[in-house]
Every structure is written in structure tokens, then in C-alpha cells.
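Structure assessment
Here's the letter readout for the chains.
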Amino acid sequence: MNYAVRVDVTLRTGIADPAGSTIERSLPTLGFDGVHRVRAGKLFLFEVDASSPDEALLTAQKLADRLLSNPVIEDARCSLAED
Amino acid sequence: MTSVAVVVFPGSNCEYDAARALESLGASATLVFHSAQDLSAFDGVVLPGGFAHGDYLRPGALARFSPVMSALERFAAGGGPVLGICNGFQVLTEAGLLPGALQKNRGLTFLCQPETLVVASTRSVLTRAANVGDELVIPINHFSGNYTCDDATHRELVENDQVVLRYRDNPNGSRDDIAGISNRAGNVVGLMPHPERAMSSLLGSADGLVLLRGFLGLEPAFSGR
């Protein structure tokens, strides 16, 4: 089977997020008040050949931890992508 | 030390500056492409600045998987002097040869300017010819130079004297003003500033000399300091 997977990479809690805070600071000048805790991250989409959804997610998590994220500063969350 | 490898990744752009700087101090510098699998013929290895593999994904993330990196790990494990400058520092952290990570500068600004650095340790191959407290003016040129690590790692860095250089006026948000660190043994060093661009007072600063002379194992030069 072929499973579509998405990986969300965000900075770990406690790690400064310069992109997120710059976006947040600029929002009031555009008239968007009351928007808080903006965090910037990365989205990866790909497909995995696997015999089950769990196996696909396991492969995805392995490659996310090895390459797509830097575990020193980032968390990677894998889920099955919806078409 | 006489023979230094300067590793060239696709996208490196400071390899000639680094080689020229080392040769001006009497070393022989060889540009070694990232596909090389053996560094044992060299007395030292420099990872120069630039944008290895386009800096895609994260700076240093893809360079870490270049064939030369296993040779570099062996070289470093054997105690060989390794210096990562700017992008080279980012590669060393991604490869796990140095702790922590470099993330985007505070304020999301690309910085290209001279900075005053304070020597924090002389236990590393880069700073062994300097004195603790020396102030060196060395240019920086980076977007992701904001040194980050968790509390435990920071404590270890300080306790083991691995913080090598600090910024006097922190330009990028780096934790504890850190500009450069070493591994525990002191033979692997990474720093964001570019000592190879501070080799002559005619060009703004000659303060890189004491660092590269240290890296080459030379006695400190008389520099009027």
C-alpha cells in the first residue's frame, strides 16, 4: 500500500522562534488584533510504501528525526495526510 | 602542522579565502571535494563558510550526509584539529560533532559587520595562541548564527571550558553571547565569525592571525598586541 504522510516540524517549546515572533509583532499593524502565540514551522508531504498505516508512520517518524528536523531545536509530528 | 584540507561542499564559497589565509601562514592548503573518503593524509581540516548543498532544509543538514563526513568523524576522533567557520560550524553541529544548533538571527536580519569577540578559553586548537580576555575584531556574515542549546548542554559547555569565544555585544541573540565552541577535547572548534577575513590591518583587522596561527600550532606572532 501507498500512504500519504504529512510531517509538521516546529521549534521545541522554550526555543526562541524569531520568525513566529516577527510575524506576531507585525499583525497589529495590519489590523489583526488578538492573535497570540504565533509559531512558524515547516510542512513536508510525501508518500510511503508500507504494509500498514503504522508502518508508514514509523518510517516517516524515523526519517523526520534523522533528516527533516533537528531534534536539538525542533519537534517533528507525523500523521497520515488526508487527500 | 603543515598540511590542511579545506573541504569544499557544493555551495561552499569561502574555501579560497580560507586556503589563502592558511598559506599566508606557511601551511599548505588543499581543496578537498566533499566526495572524499579519506582525510588521514592531513594535519588539520577546515570546513569553510558558504551555503553547503544550498542550505536547503536547514544550514548544514544535507552536508552532514556528504561522504567526507565519515572521514571527518574518524579524523576528529583521532584528535586531529578540525575548524568549522560559519557554515562549517553549522555543519559540525548538524553532524553532532559539536553540541547545540544555530538558528535564525534574533530579528531575522542578515548580519555582515565586524564584531568584537572576547576569548573565553585557550584550551581549544583555535584559541591556544591567545589569552583569555583578549578582544579580537573579526567579521561576521550570517543569517543563522544564533547559537541555541538546552540548559543541560549549556551547563556542560561552561563546566568543561568549551565556550571558546563570546561576542562583546551580542549581535544575533546567541545564548550566553556564544560566538564559538569546542568539543570536550578541544580539537574540534566551530565559530560563526570569519578569522580568514581578518588577516591584514590594511583590510580592517589582523586579529584572525592569532586564531589561525593557533590552529596551525604556530607560536603567537608579534602583532603589536
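This text goes with the structure placed above it.
Summary of the structure given here. (Residues numbered from 1 in each chain as written. Chains lettered and ligands numbered in written order. Predicted model: local features only at pLDDT ≥ 70, side-chain atom pairs only at ≥ 80, totals over all residues. Heavy atoms only, no water.)

**Details of the overall build of chain A**
The criterion, for reference: Where helices and strands are cited, they refer to DSSP runs of H or I of at least four residues and of E of at least two residues respectively, numbered from the N terminus. Note that the radius of gyration is over C-alpha atoms, with the globule rule given as 2.2 Å times the number of residues to the power 0.38. A simple rule labels every residue: compare its accessible area, found with a 1.4 Å probe on the protein chains alone, to the largest value its type can have, and call it buried under 20%, exposed over 50%, or partly exposed in between.
Summing up its helical and strand segments, chain A has 2 helices and 3 strands in all. Counted from the first residue to the last, chain A has its helices and strands arranged as β-α-β-α-β. The C-alpha radius of gyration of chain A comes to 16 Å, more than 25% above the 12 Å expected for a compact globule of 83 residues. Based on the C-alpha atoms only, the size of chain A along its principal axes is roughly 50 × 30 × 15 Å. When burial is assessed residue by residue, chain A has 31% of its 83 residues classed as buried.

**Section: the sheet that holds strand E3 (residues 74-80) of chain A**
Residue and element names in this part refer to chain A. Which entries qualify depends on this criterion: Paired strands, as defined in this entry, are two strands with at least two bridges between them according to DSSP. Where helices are involved, their axes are fitted lines through C-alpha atoms of the stretch in contact, as for all axes, and angles between N-to-C directions lie from 0 to 180°. In what follows, a contact means two residues having at least one pair of non-hydrogen atoms within 4.5 Å.
Read from one edge to the other, the open sheet built from 3 strands follows the order E2-E1-E3, with strand pairing classed as antiparallel. Either end of the sheet is taken by a strand with one partner, and the two such strands are strand E2 (41-49) and E3. With strand direction ignored, the average angle separating the axes of adjacent strands in the sheet is 25°. One ladder, built from 9 bridges, connects strand E1 (residues 2-11) with E2; its direction is antiparallel. Note on E2: the bridge partner recorded for Val9 is Lys42. In the packing of helix H2 (residues 53-68) onto the sheet, the strands contacted are E1, E2 and E3, and the crossing angle to E3 comes to about 155°.

**A few points about the layout of surface pockets**
Under the convention used in this document: Cavities and pockets are found on a 1 Å grid laid over the protein atoms alone: a cavity is a set of points where a 1.4 Å probe fits but cannot escape, a pocket is an open set with protein on both sides within 12 Å along at least five of seven lines, and a lining residue has an atom within 4 Å of such a point. Grid points are joined across faces, edges and corners, and a volume is the space filled by probe spheres set on the points. Throughout this entry, Asp, Glu, Lys and Arg are counted as charged residues, while Ala, Val, Leu, Ile, Met, Phe, Trp, Tyr, Cys and Pro are counted as nonpolar. The remaining residues, Gly among them, count as polar.
When its volume is computed, the largest pocket comes out at roughly 600 Å³. With 4 residues, the top contributor of residues to the lining of the largest pocket is helix H3 (residues 87-94) of chain B. Its volume calculated, the second largest pocket comes out at about 270 Å³. Lining the second largest pocket are 21 residues, and of these A:Gly14, A:Ile15, A:Ala16, B:Gln103 and B:Thr148 lie nearest its centre. Residues that form the lining of the second largest pocket fall into these classes: 6 nonpolar, 9 polar and 6 charged.

**A word on the pairing of strand E1 (residues 3-8) of chain B**
All names here are of chain B. The following threshold applies: Crossovers are described as right-handed under a simple rule: with the strands pointing away from the observer, the path leading from the first strand over the helix to the second runs clockwise.
Extensive coverage of E1 is indicated by the burial of 6 of its 6 residues. Side chains Ser3, Ala5 and Val7 of E1 all project onto a buried face; the interleaved residues Val4, Val6 and Val8 project onto the opposite face, where all are buried too. Handedness of the crossover is the feature at issue here: the chain leaves E1, passes through helix H1 (residues 15-24), returns alongside strand E2 (residues 28-33), and the resulting connection is right-handed. Summarising the sheet, E1 and strand E3 (residues 44-47) pair through 3 bridges and their orientation is parallel. Its bridge partner being in E3, Ala5 is matched across the sheet by Val45.

**Comments concerning the sheet that holds strand E11 (residues 188-191) of chain B**
Residue and element names in this part refer to chain B. Pairing within the open sheet is mixed, and its 9 strands lie in the order E2-E1-E3-E4-E11-E10-E9-E6-E7. Among the strands making up the open sheet, the edge pair consists of E2 and strand E7 (135-142). Pairs of neighbouring strands in the sheet enclose a mean axial angle of 25°, with direction left out of account.

**Topic: the environment of B:Arg168**
Residue and element names in this part refer to chain B. Stated precisely, the cut-off is as follows: As used in this structure description, the phrase polar contact means that two N or O atoms lie within 3.5 Å; if the pair is within protein, one of them must be able to donate a hydrogen and the other to accept it, and residues adjacent in sequence are counted only when both atoms belong to side chains.
Following the sequence through the fold, Arg168 ends up in the loop between strand E9 (163-167) and strand E10 (178-182). Remark: the alpha-carbon pair of Arg168 and Glu115, spanning 53 residues in sequence, is separated by 7.8 Å. Apart from residues no more than four positions distant in its own chain, Arg168 is found in contact with Thr116, Val118 and Glu135. Within the structure, Arg168 has its side chain in polar contact with the side chain of Glu135 (distance 3.3 Å).

**Some remarks on the pattern of salt bridges**
Rule in force here: Salt bridge, as used here, is a side-chain nitrogen of Lys or Arg placed within 4 Å of a carboxyl oxygen of Asp or Glu.
Going through the model one piece at a time under the given rule, you end up with 9 salt bridges over all chains. When the shortest N-O distance is used, the salt bridge between B:Arg175 and B:Asp151 registers 2.8 Å. In this pair, B:Arg175 is assigned in the loop between E9 and E10 and B:Asp151 in helix H4 (residues 151-159), connecting sequence segments 24 residues apart. Relative accessible area serves as the criterion here: at 25%, B:Arg175 is assigned to the partly exposed category. When the shortest N-O distance is used, the salt bridge between B:Arg166 and B:Asp176 registers 2.8 Å. With B:Arg166 in strand E9 and B:Asp176 in the loop between E9 and E10, the pair connects residues that are 10 residues apart, well separated along the chain. Salt bridges linked by common partners bring A:Lys42, A:Glu74, B:Arg58 and B:Glu94 together as one network.

**Comments concerning the environment of B:Pro193**
Residues and elements named next belong to chain B. As for its placement among the helices and strands, Pro193 is situated in the loop between E11 and helix H5 (208-215). Between the C-alpha atom of Pro193 and that of Gly180, which follows or precedes it by 13 residues, the distance is 8.2 Å. What Pro193 contacts, discounting residues up to four positions off in sequence, is Ile85, Leu117, Ile138, Pro139, Ile140, Tyr167 and Ala179.

**Some thoughts on the packing of aromatic side chains**
Residues and elements named next belong to chain B. Convention followed: When the centres of two rings from Phe, Tyr and Trp lie within 6.5 Å, Trp using its six-membered ring, the rings pair. Their planes under 30 degrees apart give stacked, over 60 give edge-to-face, and anything left gives tilted.
All chains considered together, the criterion is met by 1 aromatic pair over all chains. When the ring of Phe89 is compared with that of Tyr147, the centres are 6.2 Å apart and the planes differ by 10°; the resulting orientation is stacked. A residue pair is termed long-range when its members are at least 10 positions apart, and Phe89 in helix H3 and Tyr147 in strand E8 (residues 146-148) qualify at 58 residues.

Keep in mind these numbers describe shape, not what the thing actually does.
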